[in-house]
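Single-letter residue listing:
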Amino acid sequence: MARATRKSTPEPIDDIYDFPRYYDIVFTAGWREEIAFLEHCFAEYTDLTVQRVLEPACGTGRLAWRLAKQGYDVAGVDLNPHAVRYCNRRLVRHGFSRAAIVADMARFTLEDFAENQQSAEPFDAGFNLINSFRHLITEETALNHLQAMAAAIRPGGLYLLGLHLLPEAGAECEYEEWVESRGGVRVLIRLQSVEVDPANRHETITFLYEIDHNGRKRQLQGELNFRTYSPAQFLALIKASESWEIVQTYDFHLNTPVPVMEDSEDVVFVLRRIE
């Protein structure tokens, strides 16, 4: 007689970033394309020689250690200590110094790096490619972040910022799921937009991890809260920052520049620090 399979019960969690191993597995698959895109932008859109690179909301540092292997001087900022610990341990494991610090991406300064025995020199470029910017749920914190990045990056340097926009025309993507595996761990993630309130600029997304670790199954579930941006609202925010100019825009495939239109959803903005 076949043994019945025991079904796991979803465990509610407060923060998806408290489980950096699973997060890293499901969000790292496109790293080659992302690094190629970063290096293309470094060569195409700034006259600076890009050597020192900052990732706000760096999380697990899924790109940072790979950039370090290619000779870049990397650093990261993240509020979640579990993610920062994961990032730093991996950097050390690959022969690099700890480069991520626990700090608020809307309030950090270069001096925060010096306090953590790191260089406080300004950066040549920064990147935040997968929507983490939208965790800043007020206009004030979003502007503070852009100003903190402007203070950290040299004039003429770049900030590559990707986010999901709320289209002014057309339908927003409401559901995504995909599966990734690594080292005997298989993770299926489901993301569902359950509430969008454009008037109050808020979106709630539920997530569910279905994890199979060499036959041991586990489910984790919770919510993500994001600020919404129509294309026009984001363009107005960049203008209000008074520190950045948009020099190009791409979709999330990162291959060919695309115009930002009323129905645009997934956009990476190439921002240049105004001199």
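This is a predicted model, so every value here is computed, not measured. Here, residues in each chain are numbered from 1, in the same order as that chain's written sequence. Predicted model: local features are reported for residues with pLDDT of at least 70 only, side-chain atom pairs are reported and counted for 80 or more only, and whole-chain, interface and lining totals are derived from all residues. As a rule here, side-chain values come from all non-hydrogen atoms in the structure, and water together with hydrogens is ignored.

## Overview of the sheet that holds strand β12 (residues 266-273)
What counts here: Being paired, for any two strands, means DSSP has found at least two bridges between them. Numbering of helices and strands starts at the N terminus; helices are DSSP runs of H or I of at least 4 residues and strands are runs of E of at least 2. Lines fitted to C-alpha atoms define the axes, with helix axes restricted to the stretch in contact, and inter-axis angles between N-to-C directions lie between 0 and 180 degrees. Contacts are assigned to residue pairs that have any heavy atoms within 4.5 Å of one another.
With mixed pairing, the seven strands of this open sheet are ordered in space as β4-β3-β2-β5-β6-β12-β11. The sheet is open, and its two borders are formed by β4 (100-102) and β11 (244-251), each paired with just one other strand. Going across the sheet, the axis of each strand differs from the next one's by a mean of 20 degrees, ignoring polarity. Inspection of the sheet shows β11 paired to β12 by seven bridges, in the antiparallel sense. When the sheet's bridge partners are listed, Glu245 is paired in β12 with Arg272. Set on the sheet, helix α6 (residues 139-152) makes contact with β2 (52-56), β5 (123-128), β6 (153-164), β11 and β12; between it and β6 the angle comes to about 145 degrees.

## Some thoughts on the environment of Asn255
The condition is simple: Exposure categories follow from relative accessible area, calculated using a 1.4 Å probe and restricted to protein chains: below 20% of the type maximum is buried, above 50% is exposed, and the middle band is partly exposed.
Mapped onto the fold, Asn255 is located in the loop between β11 and β12. For Asn255, a relative accessible area of 62% puts it in the exposed group. The spatial distance from the C-alpha of Asn255 to the C-alpha of Glu34 is 9.9 Å, given a sequence separation of 221 residues.

## Thoughts on the packing of aromatic side chains
For clarity, the threshold we go by: By convention, a stacked pair of Phe, Tyr or Trp rings (six-membered ring in the case of Trp) has centres within 6.5 Å and planes under 30 degrees apart, an edge-to-face pair has planes over 60 apart, and any other such pair is tilted. Distance and angle both matter: a charge sits over a ring if NZ of Lys or CZ of Arg is within 6 Å of the ring centre and within 35 degrees of the ring normal.
All chains considered together, the criterion is met by 15 aromatic pairs. Taken together, a centroid distance of 5.9 Å and an interplanar angle of 50 degrees make the contact between Tyr159 and Trp244 tilted. Of the two residues, Tyr159 sits in strand β6 while Trp244 sits in strand β11, which places them 85 residues apart along the sequence. Residue Tyr159 shares its accessibility class with Trp244, and that shared class is buried. Clustering of aromatic rings is evident, with ring pairs tying together Tyr17, Tyr23, Phe27 and Trp178. The ring of Trp31 carries the charged tip of Arg66 above its face, separated from the ring centre by 4.3 Å. When the ring centre of Tyr229 is taken as reference, the NZ or CZ atom of Arg227 above it lies at 5.9 Å.

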